[in-house]
Amino acid sequence: MLYSISSLPGQDWERTFPRTVCLLGSTGSIGLNALRVIAAHPELFSVVALAAGRNVERLAEQAERWRPAWLAVQDTASATALAERLAPLAGYRPEILVGQTGYARLAALPEVSTVLSAQVGAAALRGTLAAAQAGKVICLANKESLVLAGHLVRDACRKSGAVVLPVDSEHNALFQALRGRDPQTVRTLVLTASGGPFRGKSREELRAVTSAQALRHPNWNMGAKITVDSATMMNKGLEVIEAWHLYGVPGERITVLVHPQSIVHSLVEFEDGSHMAHLGTPDMRVPIAYCLAWPRALDTGVAPLRLADIKSLTFEEPDVQSFPCLDLARQVLAGQTPGQGSAAAVALNAANEVAVEAFLQGRIGFLDIPARIAAALDACSAPDPATLEDIEALDHETRRFVGATIE
C-alpha cells in the first residue's frame, strides 16, 4: 500500500477493545462527531481524556457524561471556570491541565492507546507530535500538523512505532482506495473539493462577500475557520501538502477536482487508466469511525447513500484566478524538499490563520486573505525549520508580520 508517514497498526492493536481514547479538540465539530460514534459503540471505546480550548460549558457537559480522568483547556482562567463547573459532581475530580504542555501530556498518557487530533490549526501540533513520540495510534483530523511538521511526525513515528490514520474525508478516501493496491500501479491522487459557497463567482463578485456568506457551506457542517478555508480553497491547498506527507507522491501527481455534490470524497488513478473512487454521504462520522475502529467498519448511523436520488455527479477544474490560495499552497509544495521542514509552509499556514481571523472579524475583505498570505510568503527569508521550536518561532514571527499589516 502507498503510505509513507507511518506503518499501519499491528495485530495487537487491531484485536484490542475497548480502545482507550484521548480526544484533542472534543468540543469542535470533529470531536462532537467522534463522541457520537463512541456513544453508539460503548463496548468498543473508553474515553480517558478530553481537551478543548475555551469552550468550558461544552467541555463540562462532556466531562459529566463521560467522566474521563483527564481534561485540558487553553488557559488558567478556563481551567478555574471548568473546575468550578464540575465541583458539584459527586465523586468526580478529574485532573485539569492547561495549554500546549497540557495537551501534549494528555496525548502521551500511558493509559491512552488512541489519540484523535482534532484541534484547529497550528494549536494541534504539540499534541500530535507528543502522541507520535509516545507511540500512539493517531487518528489525524488536523492537517496543519503535517503541513508544519510532517518531517518531525514521520521521524517520531519511525522511532516510536506510532501510527497515523487520516481522518480528513479526502485523505481517508484515498487511504481506503489504496488499501491492498500495489504502489507501483498508482498514477495520480485526486482530491475533490466542493467549491464552497462561492463556486462560480468572479474576483469582482468576491470583493463584496461577507463572512456570514462564507460560513454557509453547501454540504458540510464545520467550524468557522475550516469553513472559510473551504471558501478560499486554502483548505484544499493544505490538503495537497498533507497528501504529499501521507503518501509520498510527487506534488505534480496530486491533483484537485471541484465536485459540488461532495459525494465522491477522492479518487486514485492507476497506471491502466482506471479510477478507484470513494463515495459516501458527506458526514464526518464515517471517516472518524473508520480510523477509531480500524480495520473494522462500524454502523455510524449515517443515512445510506442513494445515488438514484442524487441523479448526477459533476466535476470541474478549480478556478485558481478567483481562488488563488490553492496555487499559493502548490508553490510552497514545489519548493519543499522531502524529509525536511519548510519555512514557506509554516509562513503559509500562519498567515492564513491570521488573515482568516481578521476576515471573520470584519477587518479585511475576502480577497485580502490570499493577498496577505502572498505578502507573508514574499517576506519569509527564514531557513527551513529543523525543530519544533524553530517552527513555533517562525509561526510567531509570521503572525506578528501579518498582524502588523492589518492593524
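Everything in this summary refers to the structure shown in the same document. (Residues numbered from 1 in each chain as written. Predicted model: local features only at pLDDT ≥ 70, side-chain atom pairs only at ≥ 80, totals over all residues. Heavy atoms only, no water.)

**Some remarks on the side chain of Arg 285**
Under the convention used in this document: What counts as a helix is a DSSP run of H or I of at least four residues, what counts as a strand is a run of E of at least two, and both are numbered from the N terminus. Residue burial is assigned from relative accessible area. The probe radius is 1.4 Å, only protein chains are included, and a residue is buried under 20% of its type maximum, exposed over 50%, and partly exposed in between. By the criterion applied in these results, polar contacts are pairs of N or O atoms within 3.5 Å in which, for protein atoms, one can donate a hydrogen and the other can accept it, and in which residues neighboring in sequence qualify only through two side-chain atoms. It only takes one pair of heavy atoms within 4.5 Å for two residues to be counted as in contact.
Considering the arrangement of structural elements, one finds Arg 285 in helix α13 (residues 285-292). Residue classification places Arg 285 among the buried positions, given a relative accessible area of 10%. Among the polar contacts made by the side chain of Arg 285, one reaches the side chain of Asp 283 at a distance of 2.9 Å. Not counting residues up to four positions away in its chain, the partners in contact with Arg 285 are Asn 33, Arg 36, Val 37, Thr 300, Gly 301 and Val 302.

**Let's talk about the pattern of salt bridges**
Worth spelling out the cut-off: By definition here, a salt bridge exists when the distance from a side-chain nitrogen of Lys or Arg to a carboxyl oxygen of Asp or Glu is within 4 Å.
Under the counting rule described, the total for this entry stands at 18 salt bridges. Here Asp 75 makes a salt bridge to Arg 54, at a shortest N to O gap of 2.7 Å. Here the residue Asp 75 occupies a position in the loop between β3 (70-73) and α4 (76-86), and Arg 54 occupies one in the loop between β2 (45-51) and α3 (56-66), the gap between them amounting to 21 residues. Note on Arg 54: relative accessible area 55%, which makes it exposed. A single salt-bridge network, built from bridges that share partners, covers Glu 144, Lys 225 and Asp 229.

**Looking at the state of the cysteines**
Heads up, the condition is: When two cysteine sulfur atoms lie within 2.5 Å, the pair is treated as a disulfide.
Tallied over the full model, the rule gives zero disulfides. Among the cysteines around Cys 22, which has no disulfide bond, Cys 139 carries the closest sulfur, lying 11 Å off. Take Cys 22: its relative accessible area is 0%, and that puts it in the buried class. Unpaired in terms of disulfides, Cys 380 finds its nearest cysteine sulfur in Cys 325, a separation of 17 Å.

**Considering the sheet that holds strand β11 (residues 275-279)**
Put simply, the rule reads: Here, any two strands with at least 2 DSSP bridges between them count as paired. With axes taken as lines fitted to C-alpha atoms, and helix axes fitted only over the stretch in contact, angles between N-to-C directions fall between 0 and 180 degrees.
Overall, mixed pairing links the four strands, which are arranged β9-β8-β10-β11 in an open sheet. With one partner strand each, in any of the chains shown, β9 (254-258) and β11 form the two edges of the open sheet. Within the sheet, the average angular offset between the axes of one strand and its neighbour, ignoring direction, is 20°. Summarising the sheet, strand β8 (residues 186-193) and strand β10 (residues 264-270) pair through five bridges and their orientation is antiparallel. Bridge pairing links Leu 189 to Val 268 in β10. Packing against the sheet, helix α8 (residues 169-178) makes contact with β8, β10 and β11, and its axis sits at approximately 40° to β10. Sheet contacts for helix α12 (residues 234-247): β8 and β9; angle to β8, the most-contacted strand, approximately 150°.

**As for unusual backbone geometry**
Residue Pro 18 is bonded to the preceding Phe 17 through a cis peptide linkage, with omega at -5°. Assignment of secondary structure puts Pro 18 in the loop between α1 (11-15) and β1 (19-24). With phi around 55°, Arg 67 is a residue other than glycine that occupies positive phi space. Take Arg 67: it is sitting in the loop between α3 and β3. In this structure, Ser 262 is a non-glycine residue whose phi angle is positive, near 55°. By the secondary structure assignment, Ser 262 is in the loop between β9 and β10. Looking at Ser 262, the relative accessible area reads 6%, which means it is buried.

**What to know about the environment of Ser 169**
Examined against the element boundaries, Ser 169 turns out to sit in helix α8. For Ser 169, a relative accessible area of 10% corresponds to the buried category. Along the chain, Ser 169 and Ile 288 lie 119 residues apart, while their C-alpha atoms are 8.6 Å from each other.

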